[in-house]
Amino acid sequence: MSDKNIRNEKMEAIVSLAKRRGFVYQGSDVYGGLSGTWDYGPLGVTLKRNIMCLWWKMFVEERDDMYGVDAAILMNQKVWIASGHATGFNDPMVECNNCQGRFVADTVENNKCPTCGKEDTLSGPVQFNMMFKTHVGPVEDESSISFLRPETAQGIFTNYKNVIDSFHPDMPFGIGQQGKAFRNEISPRDFIFRTREFEQMEIEYFVDPAKWEESFEMWRKLVWKWCESIGLSADSIHELEVPEEDRAHYSKRTIDFEYDYPIGRQELLGLAYRTDFDLGNIQREAGKNMEYNVKGTNKKFIPHVIEPSFGVERALMAVLSSAYAEDAVNGEKRVFLKLPEHLAPVKFAISPLLKNKVELVSKAREVYKTLKSKYGAVMWDDNGNIGKRYRRQDEIGTPKCVTIDFQTLEDETVTVRNRDTTEQKRIAINEL
Ligand code: GAP
């Protein structure tokens, strides 16, 4: 495995399954990889989309107080100066003068280099800015500098006034965005947990400053509901009240929601109270009025912001970790993904019992077409014997395998095999 930092057996099993079955591949694998980047294969991209669509449906589509945007990744450099990222989005880094390895300062123990193991070879910490810098246009000078966004949030703040002018929402209201974010992490690690390119799903929820606590509590409950909807058990999620010294520069209160990953308890997502930090900065730096005028009154204020911020890869890794299961069937070890049905990339696998019997194959094709037009995510699988097909489908988390056999030709019923129980039942085709 190209990720040298995978530290545990269950994690190794998940990473290996993810590669073998087409969920997640190392980025640029064919050229030896590019550290901190991962590619999604045919099943991974569907699983990821299912998670993102569920989020969008739950937090944008189904709510009256939410609006969606999709802002450009490249933004005017002034955005990152005003937001404090240009100067403050840093990790303290130390360098080993023996092997030249570079590490996040607070991950190093006993002044010992994590790579070469030498003691007292580490430099003092220097601040390392994690934004990827680039130039926009053909001239590479100070004025053309831009950054790949390190959070999607700023694309929401910069569109706050546009959304108000187009939709005149009542307060409180929120804007949601999903998309790529980039951070030049000093030590990307643990599969897709800490990467240099990832996706976020973020909400900036604009509130009357006097009422921020109510909205914070509302989002706290909604975060729990979200975790449940992606199949994570309540006892695997833990709230961590982040102390002031560890909070991001813009936050007056943060709760990290941590998940018990196979690599240990780690941050899944965050809920922050960003005050008027960002809109206040925009008002000052861009010289544009960011005040909200409460309808029918003279009351005006710069809204405060509650920000639930979700990482797609962290959610996907939690979903895979919670779904990964092993048992024994007929004395043989079986690996399966107990994915919630609504997230499973394939809902049904359709197989003819024998692939060399024309009448079975043509009936199976008919069932396949019917289910495919109804559910979309249906797979044709006639490779190997039926046992091998079940194993393969178990490993990708397909909830139901449908087999067309000779009895189907007589009574229009099929065998439906349940992934979790391995139980098989005869069901009429029109009841699928
Ligand atoms: N806008 C607020 C913000 O970006 P953050 O805690 O830095 O806050 C939010 O990031 C979420 O983004 C994290 O909880 C995590 O899920 C995800 N995330 C952050 N850095 C990541 C990385 N390097 N790799 C994968 N996911 C990451």
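Quick caveat, the model's predicted, so the values are computed rather than measured.

Visitor: Got a minute to help me understand the site of the ligand in this structure?
Guide: In the vicinity of the ligand lie 20 residues, with Glu151, Arg183, Glu185, Glu202 and Glu267 positioned nearest. At 2.8 Å from a nitrogen atom of the ligand is found a side-chain nitrogen or oxygen belonging to Glu185. Taking Phe193, its main chain carries an N or O atom lying 3.3 Å from a nitrogen atom of the ligand. Protein contact buries 90% of the 550 Å² of open area that the ligand shows by itself. Only strand S11 (197–207), strand S14 (264–275) and strand S17 (304–311) provide two or more residues apiece to the shell around the ligand. Here the shell around the ligand gets five residues from one element, more than from any other, and that element is S14. The residue makeup of the shell around the ligand, split by class, is six nonpolar, five polar and nine charged.

Visitor: Is there a simple way to explain the packing of helix H2 (residues 42–61) against helix H7 (residues 212–229) in this structure?
Guide: When two helices pack together, their arrangement is given by the angle between the helix axes and by the axis-to-axis distance. H7 packs onto H2 with a crossing angle of 145° between their chain directions and a minimal axis gap of 11 Å. For the element pair H2 and H7, the recorded crossing hand is right-handed. Contacts between H2 and H7 involve Ile51, Leu54, Trp55, Met58 and Phe59 from the former and Trp219, Leu222, Lys225, Trp226 and Ser229 from the latter. Partitioning the contact of H2 with H7 into residue classes produces eight nonpolar, one polar and one charged.

Visitor: Looking at this structure, how should I read the sheet that holds strand S21 (residues 378–380)?
Guide: Whenever strands of a sheet pair, they do so through backbone hydrogen bonds, lying parallel or antiparallel. The strand order across the open sheet formed by five strands is S21-S20-S22-S23-S24, and the pairing between neighbours is mixed. Edge positions in the open sheet fall to S21 and strand S24 (424–428), since each of these has one partner strand only. Between one strand axis and the next, the sheet turns by 30° as a mean value, whatever way the strands run. Looking at chain direction, strand S20 (residues 348–352) and S21 are connected through three bridges and run parallel. Bridge pairing in S21 places Phe348 opposite Val378.

Visitor: Where do I start with the environment of Val69 in this structure?
Guide: Structurally, the position occupied by Val69 is in strand S3 (residues 66–69). Its relative accessible area of 16% is what places Val69 among the buried residues. Considering only alpha carbons, one finds Val69 and Gly155, 86 residues apart in sequence, at a separation of 8.3 Å. In this view, Val69 contacts Trp56, Gly155, Ile156, Val163, Ile175, Gly176 and Gln177; residues no more than four positions away in its chain are not counted.

Visitor: Looking at this model, I keep getting lost on the packing of aromatic side chains. Mind explaining?
Guide: Remark: the centre distance and the inter-plane angle together describe each pair of aromatic rings, the angle taken between the planes. Applying the stated rule across the entire model yields 23 aromatic pairs. Note on Trp224 and Phe257: the rings are 6.0 Å apart at their centroids and 75° apart in plane angle, and the pair reads as edge-to-face. Within this pair, whereas Trp224 is found in helix H7, its partner Phe257 is found in strand S13 (residues 253–261), the two being separated by 33 residues in sequence. Residue class for Trp224 comes out partly exposed when judged on its relative accessible area of 28%. Counting every residue linked through ring pairs, the aromatic cluster contains Trp55, Trp56, Phe59, Tyr205, Trp219, Trp226 and Phe310. A cation sits over an aromatic face here: Arg417 above Tyr390, 4.4 Å from the ring centre.

Visitor: What should I look at first to understand the sheet that holds strand S12 (residues 237–241) in this one?
Guide: The seven strands lie next to each other as S3-S10-S11-S17-S14-S13-S12, forming an open sheet whose pairing is mixed. The open sheet has two free edges, formed respectively by S3 and S12, since each of these has just one partner strand. Taken over all neighbouring pairs, the strand axes of this sheet differ in orientation by 25° on average, direction set aside. Two strands pair when backbone bridges link them, and S11 and S17 are joined in this way by six bridges, in the antiparallel orientation. By the bridge assignment, Glu202 is partnered in S17 with Ser309. Contacting S3, strand S10 (173–182) and S11, helix H6 (residues 160–167) runs over the sheet at an angle of about 140° to S10. Each of S11, S13, S14 and S17 touches helix H9 (residues 312–323); the most contacted strand, S13, lies at about 35° to it.

Conventions we followed
- Residues numbered from 1 in each chain as written.
- Predicted model: local features only at pLDDT ≥ 70, side-chain atom pairs only at ≥ 80, totals over all residues.
- Heavy atoms only, no water.
- Near = heavy atom within 4 Å.
- Polar contact = N/O pair within 3.5 Å; in protein donor to acceptor, adjacent residues only side chain to side chain.
- Areas by Shrake-Rupley, 256 points an atom, 1.4 Å probe, with all protein chains shown as cover.
- Helix = DSSP H or I, 4+ residues; strand = E, 2+ residues; numbered from the N terminus.
- Nonpolar A, V, L, I, M, F, W, Y, C, P; charged D, E, K, R; others polar.
- Axes fitted to C-alpha atoms, helices over the stretch in contact; angles between N-to-C directions.
- Left-handed = near helix turned anticlockwise from the far one by under 90°.
- Contact = heavy atoms within 4.5 Å.
- Pairing = 2+ DSSP bridges.
- Buried < 20%, exposed > 50% of the residue type's maximum accessible area, 1.4 Å probe, protein only.
- Phe/Tyr/Trp six-rings, centres within 6.5 Å; stacked < 30°, edge-to-face > 60°.
- Lys NZ or Arg CZ within 6 Å of the ring centre and 35° of its normal.

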